[in-house]
Amino acid sequence: TILHLLPKQWYQRRVRATTEIDLTAPNGYREAYFRLHGYRNGTNNDRGQWMSMMIPVMKKWWLDVDFNVIAATMSFGIPPEFQNNPPPSTNPRVSVEEWEELKIYSRTYGGNRGDLAHLGQFELLEKALDKANIKTYPYLRMSGGFTRPGYGRQRRELIVVDSQYFF
């Protein structure tokens, strides 16, 4: 199926640790991941609290009017036992934020974000949503990763569209 809603436990009012992705750095995605990992493993939170890994790892890309990426973020979910009282980050580049309930449609894709076909998945999802008369905000892209980093072709990306940006 091309269109489906994600299970609510993945995104509903989830507290998440978020950091920007330096798109100019050769290892920007990796650096963002390790900033979040430092928060999660207790190195960079004020309690030294280790927390389990929560999937999906979400990435957001904001686009300009010519559809060039101008900013990007990566975020990890905070485990349920810390949702009401997450430890504050000690890294100024990692923020703890609450995401409101979202209506998210998805298209799964089994390749890497570096594959040329990856960006085309957004267009395919938009066409499917268009057929269902669901109009989207064209200047935001989101994806959710469900496998461990560095696992090449085994990596799964889930392309999502956030209804808070629908018009």
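Note that the structure is a prediction, hence the values are computed from the model and not measured.

Asker: Could you give me a rundown of the overall build of the protein chain, with the residues and numbers involved?
Answerer: Along its length, the protein chain carries two helices and seven strands. Counting every position in the protein chain, which comprises 167 residues, the buried fraction comes to 44%. Summarising the internal contacts of the protein chain: among those between residues at least 6 apart in sequence, 71% fall at separations of at least 24. Summed over all atoms, the accessible surface of the protein chain reaches about 9,100 Å², with 53% contributed by carbon and sulfur.

Asker: Describe helix α1 (residues 28-40), listing the residues and the values that go with them.
Answerer: Here α1 spans 19 Å end to end across 13 residues, near enough to the 18 Å set by a 1.5 Å rise per residue. Considered for burial, the residues of α1 that qualify are G28, A32, Y33, R35, L36, G38, Y39 and R40. Elements in contact with the buried residues of α1: β1 (15-20), β3 (69-77) and β4 (94-98). Immediately downstream of α1, the backbone of G42 shows phi near 95°, a positive value.

Asker: Account for the packing of aromatic side chains, with residues named and values stated.
Answerer: This model, assessed by the stated rule, comprises three aromatic pairs. Here Y33 and F34 contribute two aromatic rings whose centre-to-centre distance is 5.2 Å and whose plane-to-plane angle is 90°, an arrangement assigned as edge-to-face. Judged by centre distance (5.4 Å) and plane angle (25°), the ring pair of F67 and Y139 falls under stacked. Here F67, found in the loop between β2 (57-63) and β3, pairs with Y139, found in the loop between α2 (116-131) and β6 (140-145); they are 72 residues apart in sequence, far enough to count as distant. On the basis of relative accessible area, F67 is assigned to the partly exposed category, the value being 47%. Residue classification places Y139 among the partly exposed residues on the basis of a relative accessible area of 24%.

Asker: Describe the pairing of β2, listing the residues and the values that go with them.
Answerer: Put simply, side chains in a regular strand alternate between the two faces of the sheet. Burial runs high along β2: six of the seven residues are buried. In this sheet, β6 lies alongside β2 in antiparallel orientation, the contact comprising six bridges. Within β6, the residue paired with W61 across the bridge is R141. Note that β2 and β3 share six bridges and pair antiparallel. Of the residues in β3, the one forming a bridge with L63 is V69. Hairpin geometry of β2 and β3 is characterised by an intervening segment of five residues between the two adjacent antiparallel strands and by a positive phi of about 65° at F67.

Definitions and limits used
Residues numbered from 1 in each chain as written. Predicted model: local features only at pLDDT ≥ 70, side-chain atom pairs only at ≥ 80, totals over all residues. Heavy atoms only, no water. Helix = DSSP H or I, 4+ residues; strand = E, 2+ residues; numbered from the N terminus. Buried < 20%, exposed > 50% of the residue type's maximum accessible area, 1.4 Å probe, protein only. Contact = heavy atoms within 4.5 Å. Areas by Shrake-Rupley, 256 points an atom, 1.4 Å probe, with all protein chains shown as cover. Expected span 1.5 Å × (residues − 1). Phe/Tyr/Trp six-rings, centres within 6.5 Å; stacked < 30°, edge-to-face > 60°. Pairing = 2+ DSSP bridges.

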